[in-house]
Amino acid sequence: MPTSNEIDCGFEAQDSFDAAIEDHKRIEPRDWMPEGYRKTLVRQIAQHAHSEIIGMQPEGYWITRAPSLRRKAILLAKVQDEAGHGMYLYSAVETLGADRAELTRKLIDGTQKYSSIFNYPALSYADVGVIGWLVDGAAICNQVPLCRSSYGPYARAMIRICKEESFHQRQGYELLMTMMSGTQAQRDMVADATNRWWWPSLMMFGPPDGESPNSAQSMRWGIKRHTNDELRQRFVDMCVPQAEALGVSLPDPDLRWNPERGHYDFGAIDWEEFRQVVAGNGPCNLERLRNRKKAHEEGAWVRDAAMAYEKKRAGAASVATSGPPR
Ligand code: 3HC
């Protein structure tokens with residue numbers, strides 16, 4: 001069947017798309033859209049979905065090593081949420097005509113990206129707290145504006161995801177509060193984890209605005225609502241008072257309030273490290289993709305069984321609707 005794009009690709013379609021973007025209306029799957037818009041969404045949403053799925057790994061390691069039943073239940077719920085976020089996002093990207101199996105293949109063979117942040121190891125239980133506080137905190141800063149993204153299915157998925165991310169951030173912060181009021185060894189673990197995750201968290205927002213090839217067009221299309229640097233600054237401004245309340249130092253000697261700008265100034269980010277991690281040379285890239293490939297291969301029988309069941313159900317439904325000959 002031809003898609004709505006193939007049926008209606010004249011100037012009128014472009015005009016009504018432009019008008020919808022201008023009026024901050026949502027674009028829905030059956031609406032005509034420029035091919036570049038569709039491709040940009042597929043790229044961003046697929047990368048986002050992959051990040052949620054790979055993001056289960058650093059903390060997943062700690063589920064069987066949690067210090068108490070309560071901590072284990074919290075962590076289990078959180079990691080399960082990440083799987084759910086991946087599923088919402090794969091569903092959203094399917095509305096653009098992408099094939100989920102193909103996207104998974106591209107993740108596993110390294111032709112599609114996932115967030116740099118998940119290529120760092122979680123070395124102690126304090127990392128679970130710091131990931132919640134900083135990584136989920138950065139995710140919230142980046143993703144709340146995406147609830148107003150111009151593409152309907154993406155924006156709606158983001159609303160649910162952001163509600164759950166808030167719980168993730170809070171559980172991390174609460175764990176850190178507990179550890180900071182514990183022993184010196186616990187406080188040292190928190191300091192060590194904060195030192196390791198701070199700079200990679202700032203890198204999550206993507207390259208600086210001058211080096212972000214996609215931002216300008218994505219903002220014109222209303223896919224992104226803020227630039228990478230704007231969101232990074234918002235994150236730093238949010239974290240400094242949170243670090244003070246915790247009693248933790250952030251590892252940046254250049255971090256200070258700038259009254260003229262009304263923001264915190266911060267030190268230079270090591271963009272070469274970012275480039276290396278995105279290129280596949282981070283501390284855990286190989287392990288993350290190896291684990292994902294293994295899980296995918298081991299899950300083949302579940303997908304086969306689900307497809308066989310669906311085929312049988314569809315067959316039964318078509319017999320029921322055609323009914324006996326009259
Ligand atoms: N890690 C890996 N690649 C990154 C990256 C990062 N942190 N930041 C940017 N990049 C890539 C981009 O994907 C792009 O690559 P491509 O053109 O080959 O696809 C390239 O670097 C240039 O960056 P741009 O700024 O031009 O790219 P975007 O306009 O797409 O902006 C983004 C990057 C801000 C990450 C944007 O895609 C976005 O907002 N995505 C949605 C949110 C998301 O994917 N978050 C990932 C983390 S998920 C998460 O945190 C889950 C949670 O549970 C913790």
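Note: the structure precedes this text.
About the cut-offs
Residues numbered from 1 in each chain as written. Predicted model: local features only at pLDDT ≥ 70, side-chain atom pairs only at ≥ 80, totals over all residues. Heavy atoms only, no water. Helix = DSSP H or I, 4+ residues; strand = E, 2+ residues; numbered from the N terminus. Rg over C-alpha atoms; globule rule 2.2 N^0.38 Å. Buried < 20%, exposed > 50% of the residue type's maximum accessible area, 1.4 Å probe, protein only. Contact = heavy atoms within 4.5 Å. Areas by Shrake-Rupley, 256 points an atom, 1.4 Å probe, with all protein chains shown as cover. Lys, Arg positive; Asp, Glu negative; His and termini not counted. Charge placed at Lys NZ, Arg CZ, Asp CG, Glu CD. Near = heavy atom within 4 Å. Polar contact = N/O pair within 3.5 Å; in protein donor to acceptor, adjacent residues only side chain to side chain. Phe/Tyr/Trp six-rings, centres within 6.5 Å; stacked < 30°, edge-to-face > 60°. Salt bridge = Lys/Arg side-chain N within 4 Å of Asp/Glu carboxyl O.

Our focus in this paragraph is the overall build of the chain. A tally of regular secondary structure across the chain gives 14 helices and 2 strands. Relative to a compact globule of 326 residues, whose C-alpha radius of gyration would be 20 Å, the chain shows 22 Å and is just as compact. For the chain, with 326 residues in total, the buried portion stands at 46%. Contacts in the chain between residues far apart in sequence, at least 24 positions, make up 78% of those at least 6 positions apart. Total accessible area on the chain is roughly 17,200 Å²; 57% of this is exposed by carbon and sulfur atoms. Separation between the mean location of the 40 positive side-chain charges and that of the 43 negative ones in the chain comes to 7 Å.

Our next topic: the site of the ligand. Taken together, 33 residues form the shell around the ligand, and within it Gln47, Glu82, Lys113, Ser212 and Lys224 come nearest. Interatomic distance of 3.0 Å between a side-chain N/O atom of arginine 43 and an oxygen atom of the ligand. At 2.8 Å from an oxygen atom of the ligand is found a side-chain nitrogen or oxygen belonging to asparagine 228. For the ligand, the protein covers 90% of the area, taking 1,000 Å² as the surface of the free molecule.

On to the packing of aromatic side chains, then. Within this structure, the stated rule accounts for 11 aromatic pairs. For the pair phenylalanine 17 and tryptophan 32, a centre-to-centre distance of 6.2 Å together with 85 degrees between the ring planes defines the contact as edge-to-face. With phenylalanine 17 in helix H2 (residues 11-22) and tryptophan 32 in the loop between H2 and helix H3 (35-54), this pair connects stretches of sequence that are 15 residues apart. Taking the centre distance of 5.0 Å and the plane angle of 70 degrees together, the rings of tryptophan 257 and tyrosine 264 count as edge-to-face.

Moving on, we get to the pattern of salt bridges. Using the criterion set out here, one finds 19 salt bridges in the structure. With a closest N to O distance of 2.8 Å, glutamate 28 and arginine 156 form a salt bridge. Here glutamate 28, found in the loop between H2 and H3, pairs with arginine 156, found in helix H8 (residues 152-180); they are 128 residues apart in sequence, far enough to count as distant. Its relative accessible area of 25% is what places glutamate 28 among the partly exposed residues. Judged by relative accessible area, which is 40%, arginine 156 ranks as partly exposed. A salt bridge links glutamate 272 to arginine 275, with the nearest nitrogen and oxygen atoms 3.4 Å apart.

Any link to function would need more than the numbers given here.
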